[in-house]
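Examining the three-dimensional arrangement
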Amino acid sequence: MRLFFALWPDASTQLEWERAVAPLQATLGGRRIPAANLHLTLAFLGEVRGDRMNELLRLGDDLDRSPVFLRLDRIEYWKKPGLACLRPTEVPLVLERLAGQLQTGLSLAGFAVEHRHFKPHVTVSRDVPIATASLPVWPVLEWSAPVIALVRSRPGPAGADYAVLHEWPLG
Ligand code: 2AM
């Protein structure tokens, strides 16, 4: 199974984000991510054997579940993956700590995690053909993340198909 941990918005937030970025997406082009797939990844695990699920659930149980409040105030274009994403200019310490705790826990448990610097983002479009500087999002999208989710990703005909396997409420 291809798995990742993420902050997962509720459906109304996903629709709010979709509406907010629609005009910019129309300008930038690329493949729009459907509202139901919008999320903020905390740690990407890649392929994991099914019999390791219990370890991941225990790891999730041990995470600090302090509230995470974000102000998504700009859209960035990332050249190498060719994606556009929503980002907070200010990354709250509590979010840095949560991602760090997760990464450490996963490493100690022997999961292969990426050690690249955590840059919280919500991918909104892929295969974006037009390079652009960072664009402001107004009004700013203010968000209290409701849950940490363990999510399975499967390739589908219209992009990834995500299934939330388990949720841990925040705050
Ligand atoms: P991305 O949107 O920046 O591509 C599921 O693929 C989620 O895990 C996406 O949010 C994706 O981020 C993230 N992710 C992080 N590292 C990844 C990798 N090496 N391959 C695929 N997805 C990755």
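Shown above is the structure to which this text applies.
Reference entry: report on the structure contained in this document. For every chain, the first residue of the written sequence is number 1, and numbering continues from 1 onward in sequence order. At least 70 in pLDDT is required for a residue's local features to be given in this predicted model, at least 80 for side-chain atom pairs to be given and counted, and no such filter applies to totals for whole chains, interfaces and linings, which use all residues. With hydrogens and water stripped out, all remaining heavy atoms of the structure feed into the side-chain values.

Attention shifts here to the overall build of the protein. Counting its secondary structure elements, the protein contains three helices and nine strands. Helices and strands in the protein line up, N terminus first, as β-α-β-β-α-β-β-α-β-β-β-β. Our radius of gyration is a C-alpha quantity, and the globule rule it is checked against amounts to 2.2 Å times the number of residues to the power 0.38. Its C-alpha atoms give the protein a radius of gyration of 16 Å, near enough to 16 Å, the size a compact globule of 171 residues would have. If one aligns the C-alpha atoms of the protein with their principal axes, the spans along those axes are about 45 × 35 × 30 Å. When each of the 171 residues of the protein is scored for burial, the buried share is 44%. Note that accessible areas follow from Shrake-Rupley with a 1.4 Å probe, and for residues the cover is restricted to the protein chains shown. Summing over all exposed atoms, the protein offers an accessible surface of approximately 9,000 Å²; the carbon and sulfur share of this is 54%. Across the protein, the centroid of the 19 positively charged side chains sits 6 Å from that of the 18 negatively charged ones. Strands here are runs of E lasting at least two residues and helices are runs of H or I lasting at least four, both read from the DSSP assignment and numbered beginning at the N terminus. Exposure classes here rest on a 1.4 Å probe applied to the protein chains alone. A residue is buried below 20% of its type maximum, exposed above 50%, and partly exposed in between. In summary, the charge assignment counts Lys and Arg as positive and Asp and Glu as negative, without counting His or the chain termini. Each charge is placed at NZ for Lys, CZ for Arg, CG for Asp and CD for Glu.

In this structure, histidine 121 sits in the loop between helix H3 (93-108) and strand S6 (122-126). Among the polar contacts listed, one links the side chain of histidine 121 to the backbone oxygen of lysine 119, at a separation of 2.8 Å. Ignoring sequence-local partners within four residues, the contact set of histidine 121 consists of His39, Leu40, Thr41, Trp78, Cys85, Leu86 and Arg87. Under this definition, polar contacts are N or O atom pairs within 3.5 Å; protein pairs additionally need one hydrogen-donor-capable and one acceptor-capable atom, and for neighbouring residues in sequence, both atoms have to be side-chain atoms. Residues count as neighbours in contact if any of their non-hydrogen atoms are within 4.5 Å of one another.

Now for helix H2 (residues 53-61). The set of residues buried in H2 consists of Met53, Leu56, Leu59 and Gly60. Take H2 and look down its axis: the buried residues cluster within an arc of 120°, on one side only. More than 90 degrees from the buried face of H2, the exposed residues found are Asn54 and Arg58. If you follow the buried residues of H2, they end up packed against strand S1 (2-8), strand S3 (40-47), H3, strand S8 (147-156) and strand S9 (159-169). Relevant arc is that of directions from the helix axis to the C-beta atoms, nothing else.

Residues are said to line a cavity or pocket when one of their atoms sits within 4 Å of a point; the points come from a 1 Å grid over protein atoms alone, cavities being sets where a 1.4 Å probe fits but cannot get out and pockets being open sets with protein on both sides within 12 Å along at least five of seven lines. Grid points are joined across faces, edges and corners, and a volume is the space filled by probe spheres set on the points. Reported here for the largest pocket is a volume of approximately 1,100 Å³. Contributing to the lining of the largest pocket are 36 residues, with Thr41, Phe44, Glu114, Arg116 and His121 lying nearest its centre. Listing elements by their share of the lining of the largest pocket, those giving two or more residues are S1, strand S2 (31-32), S3, H3, S6 and S9. For the lining of the largest pocket, the element with the most residues is S3, which contributes five residues. Under the grouping applied here, Gly and all other residues not named as nonpolar or charged are polar, the nonpolar ones being Ala, Val, Leu, Ile, Met, Phe, Trp, Tyr, Cys and Pro and the charged ones Asp, Glu, Lys and Arg. Residue classes in the lining of the largest pocket are distributed as 18 nonpolar, ten polar and eight charged.

Let us look at the site of the ligand. We call a residue near a molecule or strand as soon as one heavy atom of that residue lies within 4 Å of the molecule or strand. In the region of the ligand, the neighbouring residues are Arg2, Phe4, His39, Thr41, Phe44, Leu83, Glu114, Arg116, His121, Thr123, Arg126 and Tyr162. In this structure, histidine 39 approaches the ligand through a side-chain N or O atom, which is 2.7 Å from an oxygen atom. At 2.5 Å from an oxygen atom of the ligand is found a side-chain nitrogen or oxygen belonging to threonine 123. Contact with the protein chains hides 78% of the accessible area of the ligand, taken as 460 Å² for the molecule alone. Spatially, the ligand is embedded in the largest pocket. Of all the secondary-structure elements, those providing two or more residues to the shell around the ligand are S1, S3 and S6. Put plainly, a molecule is in a cavity or pocket when over half of its atoms are within 2 Å of the grid points there.

Positionally, alanine 26 belongs in helix H1 (residues 11-28). By relative accessible area, alanine 26 is classed as exposed at 66%. Residues alanine 26 and alanine 163 lie 137 residues apart in sequence; the distance between their C-alpha atoms is 28 Å.

Now for the nonpolar core. Only buried Ala, Val, Leu, Ile, Met, Phe, Trp, Tyr and Cys residues count toward a nonpolar core, and they belong to the same one when joined by side-chain atoms within 4.5 Å. Ranked by internal contacts, the top residues of the largest apolar core, which has 43 residues, are Phe5, Leu7, Leu42, Leu45, Leu86 and Leu106. The element best represented in this core is H3, accounting for five residues. Here leucine 45 is in contact with Leu3, Phe4, Phe5, Leu56, Leu106, Phe111, Ala112, Val113 and Leu150, once residues within four sequence places are set aside. In this structure, Trp8, Val147, Ala149 and Val151 belong to the second largest nonpolar core, which totals six residues.

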